[in-house]
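Observations on chain architecture
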Amino acid sequence: MSASPILQVAINAPLSRLFDYLPAAGSPLPEPGCRVLVPFGRQRQIGMVISQATESAVSLNKLRRISATIDPEPVLREQDIWLIRFTSDYYHHPLGEVVAAALPALLRQGKPLNSVTQRLAITGEGAAQSLSVIARRAPKQAELLNLLGGSASDGVPFSELDELMPGWRRIRKTMLDKSWIRIFESTSETEYEPQLTAASDGPILNADQNKALQAISLDAGFGVSLLEGGTGSGKTEVYVRLMKDVLASGRQVLVLVPEIGLTPQFVSRLKERLGIEPALLHSSLTDSVRLAAWRGARCGSAPLVLGTRSAVFTPLRNPGLIVVDEEHDTSFKQQEGLRYSARDLAIARAKHLDVPIVLGSATPSIESLQHCSDGMYQHISLPTRAGNAVPPLMRLVDLNQHPPQDGISQPLLDAIEVNLRSGGQVLIFLNRRGFAPTLICSNCGHVAECRRCDARMTVHSGEPKLLCHHCGASRPVESQCPECDGQFRPLGHGTERLEESLNQHFPDKTITRIDSDSTRLKDTMNKALASATRGDAQILVGTQMLSKGHHFPNLTLVGVINADQGLFGTDFRSSERMSQGLIQVAGRSGREQRQGEVIIQTGFPKHPFWNELFSGGYDHVARSVLREREAAAWPPFSRLALIRAAAHKRSDARRFLEIAREKAEAAGSSNVRILGPVSAPMERRAGRYHAQLLLQSPDRQALHRLLQALRPQLESDTTARRVRWSMDVDPIELF
Ligand code: ADP
Ligand code: ZN
């Protein structure tokens, strides 16, 4: 008896295995990459066929049959399934959940891939009728026959008929009964048609840009190039030239940008220079628009695909190049659920597809720099600013000598004054939204805290309230201390308070605040940015949202209110992050004809970090960070994985991780250090206690073997039911 084929199906459930099913009787066998509907427990679930097999560990008479096939043709091809498998293996995450992360929402929900259009056409019988005869008794019917007779043989879509002849639906039934007309459905795969416009000529490339272009070969298959160059050094122009060549050869380009980097400016620049409207994939689009772009990428009708993190999974018909802009940006790492790095997956994918990949940044990640010195990536520098712009002047203001009033020191106030007077625009940067980060009792020093987190409440003005930035809890502003009845007062500065004090200092200037509070409403961000770019606002106040990707032609001064948060960070990535952030912010200043100025307020001007940054720039900081990491055997000199657990009871989270530790030790990997369990730096968040176990190894394979052995054991352990837990491979934050 020949074995009936078994379908191995990935299902969106937190279990690291595939589920075996028999095909539905009497219908064609769904291929790998097709979605199917399957019975799962007592429910039905949407799954994806990953492979076919001839045997199952489950005995044949216990196997259930799939209920239905959703896709007649695979939605994912072999290479897409490869990426999903790779992601699942590398991040030790259930395959079904990876499939769910990789698919657009509508496909995840089981909606058809292709949109179905209903059309109405004339039949032979209908065509044989005499219009003039019918017109006497039923003028509407004659009109419809006339309309259909004169159009293409595949008929007219309903939506078009609604416009051409609004009353047609009322006579439809009569005419169908007479067999004069017929309805049929057509599916369209290529509804995504990018808009083509004339491409503009770019500037003549400078010598460094030309060298970069020559170094990046588009025909030699896989290779990683790290393009390092400060803001305005002409990286985008280099991407554009590469893209032009790839597009001209009929291949597709995938561009990944950080969440905040997907600015209208960047999109319109690509459009203008390449003459193609990019297919966009990011979270603020509607599901159907996203699906259309995804489908265009999949069938090849979208030559240029531009998206944030999850766009790395977009299927491509004919890929020729991948670009990751601002490769160091932390938003490429998903921090919940499937904790993947889109940059790292993009590299793995490029390798599998055998296409070149370009990573660009003014401040490359320490990992990527290390790969360059290992010879794994090629390092290309664009050392100067393109065009005529000169790099900004940076200086420190010592807050001990110049105590700030309302957050702003006198030297910074003076500089703002001078810049505004000469017609420049000023950006004041503070990475704290809200009015004040703390509400403190002036009598006993008691601080208003979140009831569900180990965190202080932030004071917000406008509609006054206290807000927890970690769990979102809010309550009215308290005026009296619950401990001693003393007066509460706001302490410290957030962007709202800064805006207020700038208003007092510069009452006749227009001030625009840009942070996630001021731009919550749809489109307010784009409007605020557009007006900032035009120069309508003389002073911009903002959080890191303002530090990336935007080009303000008239900006001459950047002020950094509080640089000290990063100097004493607990995370081994603090100084890397801090210098990246400062250099990004500084890059906003003086991009065109005028030299920019950057003023940084600090209470610790003697900290060695400043000397490194000012004497040697990011290169210098990066080199010293690399030395520190090597000495301490932190990444990239070792590999990390973090197992996190959270529970309503502290002991449950601890217990689970202790068991994880025992199991890891029993799995016996001598080359992996196990640290913990310890409480997370912020232990209580949203009412749950968080703890973590860190695994570290110089040997990536050893670490992965251990994680692989551990995952199924933890999934089936009974203590897992009382906790939320996750594995984070290559964590970028240790909490
Ligand atoms: P980056 O992406 O590194 O920030 P861009 O490619 O955006 O740099 O270039 C910065 C500015 O300089 C842009 O306005 C761009 O049009 C201009 N530019 C780029 N290359 C040149 C060049 N070779 N000559 C003149 N201007 C250039
Ligand atoms: Zn909270």
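Residues numbered from 1 in each chain as written. Chains lettered and ligands numbered in written order. Predicted model: local features only at pLDDT ≥ 70, side-chain atom pairs only at ≥ 80, totals over all residues. Heavy atoms only, no water.

This part is about the overall build of the protein. Broken down by element type, the protein carries 21 helices and 30 strands. Over its C-alpha trace the protein gives a radius of gyration of 30 Å, about what one expects of a compact globule, namely 27 Å for 735 residues. With respect to the three principal axes, the spread of C-alpha positions in the protein is 95 × 65 × 65 Å. The 735 residues of the protein split such that 52% are buried. Contacts in the protein between residues far apart in sequence, at least 24 positions, make up 75% of those at least 6 positions apart. (Helix = DSSP H or I, 4+ residues; strand = E, 2+ residues; numbered from the N terminus. Rg over C-alpha atoms; globule rule 2.2 N^0.38 Å. Buried < 20%, exposed > 50% of the residue type's maximum accessible area, 1.4 Å probe, protein only. Contact = heavy atoms within 4.5 Å.)

Our next topic: the coordination of the zinc ion (ligand 2). Distances from the zinc ion (ligand 2) to its protein donors, C450 (SG), C453 (SG), C468 (SG) and C471 (SG), fall within 2.3 to 2.4 Å. Around the zinc ion (ligand 2) sit four donor atoms; with metal-centred angles ranging over 106 to 112°, the donor geometry is tetrahedral. All donors of the zinc ion (ligand 2) come from a single chain, and their spacing in sequence reads C-x2-C-x14-C-x2-C. In this structure C450 comes out as buried when scored by relative accessible area, which is 4%. Judged by relative accessible area, which is 2%, C453 ranks as buried. (Donors = N, O, S within 2.8 Å, 3.2 Å for Na, K, Ca; no water. Tetrahedral: all angles 85-135°; square planar, octahedral: opposite > 155°, others 65-115°.)

Quick look at the side chain of S726 now. Structurally, S726 can be placed in strand β30 (residues 724–729). Once you skip the residues sitting within four places of it in the chain, S726 turns out to touch R339, L642, I643 and R644.

Let us look at the packing of aromatic side chains. Within this structure, the stated rule accounts for nine aromatic pairs. Centroid distance F158 to W168: 4.9 Å. Interplanar angle 65°. Geometry classified as edge-to-face. Separated by ten residues along the polypeptide, F158 in helix α7 (residues 158–164) and W168 in helix α8 (residues 168–177) bring together distant segments of the chain. One aromatic cluster in this structure is built from W82, F86, Y90 and Y91. (Phe/Tyr/Trp six-rings, centres within 6.5 Å; stacked < 30°, edge-to-face > 60°.)

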